[in-house]
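Each chain, letter by letter, is given below.
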Amino acid sequence: MKNLDNVCIKLNQVNESLMYALETALVDEWETEEAAERSIKRARDLFYIVWDNLNQIEKDLDELNGHIKVCNAVYAVNRVNDLKEELAALKNGEGQSK
């Protein structure tokens with residue numbers, strides 16, 4: 001089951017991989033064509049890594065949203081039942097203090 005911790009961990013991984021890849025791709029000296037191609041490949045690989053991770057985060061958030069909706073529905077049903085019990089108690093005079 002997904003939870004917000006999973007999403008935060010995944011976002012942190014995306015952030016770290018993004019920073020590392022950009023630093024290594026941009027810090028490399030592009031003195032040779034081979035070095036430039038390596039940097040371009042890293043940047044391209046980074047794009048797809050970030051793309052995949054962001055798609056997974058979107059799916060995780062969607063699943064988490066579904067869990068939250070279920071929890072909210074359960075809470076609402078329980079609250080309605082509690083209010084019905086309170087109303088019944090008031091109608092029966094159980095809730096009167098005087």
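Scroll up for the structure.
Keep in mind that what you see is a predicted model, and the values were worked out from it rather than measured.

Trainee: Tell me about the nonpolar core, residues and numbers included.
Mentor: Within the largest apolar cluster, 6 residues are counted, these being Val7, Val14, Ala21, Leu46, Val50 and Ile57. Breaking this core down by element, the ones donating at least two residues are helix H1 (4-27) and helix H2 (33-91). Not counting the four nearest positions on each side in its chain, Ile57 is found in contact with Val7, Lys10, Leu11 and Val14.

Trainee: Give me a nonpolar patch on the surface: which residues, what numbers.
Mentor: Taken together, Phe47, Tyr48 and Trp51 make up a surface patch of nonpolar side chains, about 370 Å² in accessible area. Structurally, Phe47 can be placed in helix H2. A relative accessible area of 45% means that Phe47 is categorised as partly exposed.

What counts and what doesn't
- Residues numbered from 1 in each chain as written.
- Predicted model: local features only at pLDDT ≥ 70, side-chain atom pairs only at ≥ 80, totals over all residues.
- Heavy atoms only, no water.
- Core = buried A, V, L, I, M, F, W, Y, C linked by side-chain atoms within 4.5 Å.
- Buried < 20%, exposed > 50% of the residue type's maximum accessible area, 1.4 Å probe, protein only.
- Helix = DSSP H or I, 4+ residues; strand = E, 2+ residues; numbered from the N terminus.
- Contact = heavy atoms within 4.5 Å.
- Patch = residues over 30% accessible without salt bridge, like charges linked within 9 Å, V, L, I, M, F, W, Y side chains within 5 Å.
- Areas by Shrake-Rupley, 256 points an atom, 1.4 Å probe, with all protein chains shown as cover.
- Salt bridge = Lys/Arg side-chain N within 4 Å of Asp/Glu carboxyl O.

Function-wise, these values are silent; they only describe arrangement.
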